[in-house]
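Coordinate inspection notes
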Amino acid sequence: MTVTAPVQFPSPAIEEVPAVIECRDVSKKFWAFDRGDLWRVVFGEVPAGSAFSSLAGVTLDVPRGEFLGVLGRNGAGKSTFLRTVGGVFQPTEGVVRLGAQASGIYEFGVGGRELMTGRHFTMRWLELSDVAADDIPKAVEEVRVFTELHDYFERPLRTYSTGMKARLFFAAATQSTAQIYLIDEVLSVGDDYFNAKCLGRLRERLSGGASGIFATHDWASILRVCSSVVILDKGRIVDCGPPQQLVERYLDLEGPPRTLAAFSDDFPQRLEAVSGGSVEWRIPIEVRDNVDVFLGFSVEQARKGYGWEHFIHRDPEKVTGHAGQYDVSISIPRVPLTAGEYQLCLFLLAEVNGVRQVMDVRSWTHGNPLVVAVAASESSVPFNMSFSWSPVEAA
Amino acid sequence: MLRNFARMMLRDRFLGSGLGVIWAIANPVLMLAIFTFVFGFVFKAKLPGSETSLAYVSWLIAGYGPWLAISEGITAGTASVTSNVNVVKNIGFKTELLPIAGALMGLVPFVVSFVYLATLIGFYGPPPRWAWLMVVPIALLQFLFVAGISLTLSALNVFVRDIAMVLPNLLLIAMFATPVFYPIDVLPSAVRILALLNPLYLITESFRLALLNGSVLPAGLFAYLIIFCIGTFVLGLFIFRRIKPYFDSRL
């Protein structure tokens, strides 16, 4: 991992969009606090004891309508950062400016005593989030429906499972109409069904113009929600950029071996196609031994708020059995893609002792997929799905 | 927001009990009823120059009621930050509100003892007087004083948790050092000057004067009390704000 700190985020090109979260050189220290320090503080001095620096010089902007992902290992400062942005912690140095009201989900069980019922908890959360008293009954009802806790909504929290608490908590915290969401590791507890529902709600909030920061070490959910990512390490931003690339660097994946076969260096960086038109892409490869070599590919797209989707997929097929330079051609007669940017992922394998081994890869998990730009077709829609409908008489 | 916090504390305190918040009223009522029974019917204690023991009981309650309110408020206020860590660590808000809401808790026994006493006096004493309205400014002063102490102690308590432990003992000592259970005339004259400057005495005494005599403190003492209470509040706020940025080092 290359370390260039501190890094300015986002890249200057995006900076024309007004930022809804602005952090300038934000640092946060925690003091050990010996007894004498308390009196020093009361008399306006700085504590003399040892301090732990949890955040150091974090500078970043989050534009309106975007989610920023914060990746980092345990203790990297993710939670401290979120709390500092949310105003729960006061930065030791630097400034945090928020352009809208923020709703933070930092941990489970905010103000929740185990003896409270789900309803009671929800009401408390909404009250503490400054929701107007008149709106509370309606909001509570919406939370109740969203959590799908049914009877449990009226039972005390101590009878809840962790996942149920997570549901209640997420539902209550995202109920308010805040424009900024600061979310720390919440989606890691619920079941798949509920996680999908939570992502659905975040997507809804995103399309409603909300922004936020999403801290996690679950890189997969970052790919689904965030439009950019920073990596925190020891309280500093060590890397930033678009999620696909960052996730790969974060995972610190080992590169493919490229021993028996590899993609050639004079590889195109960007391929073009027209929606519904025919296309032929030539992939230069180099085979270094007389082994059976296979090539597989897929065309994928990562969409903000939805995750990534496969559009075209082809299992590896044998391309050659001898050493040499080759151009493998991939041709698609009628490109079944609508206009937009896609990624072409390529997998080159070689068979050694009857086992296929990956030799070289171009894919988003390795941060180097090929960009495929699909232009809209001038003549017509690429594919029509004929359908008809007629109203059904109510019984 | 302050009201929400006060409601939250009130509910938390009685969370899980069958009667819930009713206890906030039932507890002081029971306490005052026990006092009435013990001193009014068992000991039949009398004030000098009065023939009924009810006069002593109402005199006692007129002082003990506000005292109960003060000690309740200070106790709730001191613990307010540490016992609501969950809220402090998860919601960005003015933490000052917590000890202030804690101090508001003290107003519950204050109101309860006022109503109790008014009922008691209604049975044997003179009809209600305009002077009873003095209770309102006294309650306000009491609140400012308790909030000031709470702000200071709640902030210190984040770092020195022993404060909440030693507090009940200190309050007990303060109660006996203050002429609440005994008239101030009992004290030797040298100590009496000190007792006169004790804001706890002045608050309880104002309450007594308003309800039992229909009078107020001498202007000088009253002015002193006002300045003292406002000063305590301002100083408490100042100390709290000094310590507050460091809360997260310990919470």
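Procedures and definitions
Residues numbered from 1 in each chain as written. Chains lettered and ligands numbered in written order. Predicted model: local features only at pLDDT ≥ 70, side-chain atom pairs only at ≥ 80, totals over all residues. Heavy atoms only, no water. Helix = DSSP H or I, 4+ residues; strand = E, 2+ residues; numbered from the N terminus. Buried < 20%, exposed > 50% of the residue type's maximum accessible area, 1.4 Å probe, protein only. Contact = heavy atoms within 4.5 Å. Areas by Shrake-Rupley, 256 points an atom, 1.4 Å probe, with all protein chains shown as cover. Rg over C-alpha atoms; globule rule 2.2 N^0.38 Å. Lys, Arg positive; Asp, Glu negative; His and termini not counted. Charge placed at Lys NZ, Arg CZ, Asp CG, Glu CD. Core = buried A, V, L, I, M, F, W, Y, C linked by side-chain atoms within 4.5 Å. Axes fitted to C-alpha atoms, helices over the stretch in contact; angles between N-to-C directions. Parallel < 35°, antiparallel > 145°, perpendicular 65-115°, else oblique. Nonpolar A, V, L, I, M, F, W, Y, C, P; charged D, E, K, R; others polar. Buried area = accessible area lost by both parts, 1.4 Å probe. Salt bridge = Lys/Arg side-chain N within 4 Å of Asp/Glu carboxyl O. Pairing = 2+ DSSP bridges. Patch = residues over 30% accessible without salt bridge, like charges linked within 9 Å, V, L, I, M, F, W, Y side chains within 5 Å. pLDDT = per-residue confidence, 0-100.

1. Considering the overall build of chain A
- Assigned secondary structure in chain A consists of eight helices and 18 strands.
- Counting across all 395 residues of chain A, residues that qualify as buried make up 49%.
- At a minimum sequence separation of 6, the contacts of chain A that also span at least 24 residues come to 74%.
- As displayed, chain A offers around 19100 Å² of accessible surface, 51% of which is attributable to carbon and sulfur atoms.

2. A short note on the overall build of chain B
- Within chain B, the regular secondary structure consists of 12 helices and zero strands.
- Walking chain B from its N terminus toward its C terminus, one meets helices and strands in the order α-α-α-α-α-α-α-α-α-α-α-α.
- Its C-alpha radius of gyration of 19 Å places chain B within 12% of the 18 Å reference for a compact globule of 251 residues.
- Projected onto its principal axes, the C-alpha positions of chain B cover 60 × 45 × 30 Å.
- The 251 residues of chain B split such that 54% are buried.
- Intrachain contacts of chain B at a sequence separation of at least 6 include 76% that bridge at least 24 residues.
- In chain B, which carries 16 positive and 8 negative side-chain charges, the distance between the mean positions of the two groups comes to 5 Å.

3. Topic: the nonpolar core
- Core analysis: the biggest nonpolar cluster contains 137 residues, and A:Phe67, B:Phe5, B:Tyr64, B:Phe159, B:Ile243 and B:Phe247 have the highest contact counts within it.
- The greatest single-element share of this core, amounting to 15 residues, is contributed by helix α7 (residues 135–159) of chain B.
- A:Ile283, A:Leu295, A:Ile330 and A:Leu346 belong to the second-largest nonpolar core, a separate cluster that totals 31 residues.

4. A closer look at the packing of helix α4 (residues 136–147) of chain A against helix α6 (residues 192–207) of chain A
Residues and elements named next belong to chain A.
- At their nearest, the axes of α4 and α6 sit 11 Å apart, and the two run at 140 degrees to each other. As summarised for this structure, α4 and α6 are arranged oblique, according to the angle between their axes. Between α4 and α6, the residues in contact are Val145, Phe146 and Thr147 and Phe194, Lys197 and Arg201, respectively.
- Among the residues making up the contact of α4 with α6, the classes are represented as three nonpolar, one polar and two charged.

5. Some remarks on the interface of chain B and chain A
- Counting from both sides, the interface comprises 32 residues of chain B and, opposite them, 38 residues of chain A.
- Summed over both sides, the interface between chain B and chain A buries roughly 3000 Å², with carbon and sulfur atoms accounting for 58% of that surface.
- Inspection of the region where chain B meets chain A yields three salt bridges.
- For B:Asp12, the salt bridge identified is with A:Arg124, shortest N-O distance 2.8 Å.

6. Quick notes on the sheet that holds strand β1 (residues 19–31) of chain A
All names here are of chain A.
- Taken in spatial order, the three strands make up an open sheet running β2-β1-β4, and their pairing is antiparallel. Of all strands in the sheet, those with a lone pairing partner are β2 (51–63) and β4 (93–98), marking the two edges. The mean angle between the axes of side-by-side strands here comes to 20 degrees, regardless of whether they run parallel or antiparallel.
- Bridge count between β1 and β2: nine bridges; the pairing is antiparallel. Looking at the pairing, valine 26 lines up with valine 58 of β2.

7. Considerations on the environment of A:Phe311
Residues and elements named next belong to chain A.
- Relative to the helices and strands, phenylalanine 311 is located in strand β14 (residues 307–320).
- When the C-alpha atoms of phenylalanine 311 and glutamate 300 are compared, they prove to be 5.6 Å apart, with 11 residues separating the residues in sequence.
- With near-sequence residues (within four places) excluded, phenylalanine 311 lies in contact with Val299, Glu300, Gln301, Leu337 and Tyr342.

8. Focus on helix α3 (residues 118–128) of chain A
- Burial of α3(A) is extensive: eight of the 11 residues sit out of reach of the surface.
- Of all the residues in α3(A), the buried ones are A:Gly118, A:Phe121, A:Thr122, A:Arg124, A:Trp125, A:Leu126, A:Glu127 and A:Leu128.
- Looking at the buried side of α3(A), the elements it contacts are β5 (102–105), α4 and α5 (162–173) of chain A together with α1 (2–13) and α4 (85–88) of chain B.
- Residue A:Asp130 follows α3(A) closely and has a positive phi angle near 65 degrees.

9. Description of a nonpolar patch on the surface
- Side chains of B:Phe37, B:Phe41, B:Val42 and B:Phe43 sit close together on the surface and give an oily, nonpolar patch of about 470 Å² of accessible area.
- Counting through the fold element by element, B:Val42 comes out in helix α2 (residues 22–42).

10. Overview of unusual backbone geometry
All names here are of chain A.
- Phi at histidine 150 takes a positive value of approximately 50 degrees, unusual for a residue other than glycine.
- The topology assignment puts histidine 150 in the loop between α4 and α5.
- Of note in the backbone geometry, asparagine 353 takes a positive phi value of approximately 50 degrees without being a glycine.
- Relative to the helices and strands, asparagine 353 is located in the loop between β16 (340–352) and β17 (355–362).
- Taking the relative accessible area as the measure of exposure, asparagine 353 reaches 78% and is therefore exposed.

11. Points about the confidence of the model for chain A
Residues and elements named next belong to chain A.
- On average, residues of chain A score 80 in pLDDT, and 87% of them reach the 70 mark or higher.
- Per-element confidence in chain A is highest for helix α2 (residues 78–85), whose mean pLDDT is 90, and lowest for helix α8 (residues 243–251), whose mean pLDDT is 74.
- In this model residues 1–16 is a low-confidence stretch, pLDDT under 50, and it forms 27 contacts with partners more than four residues away in sequence or in other chains.

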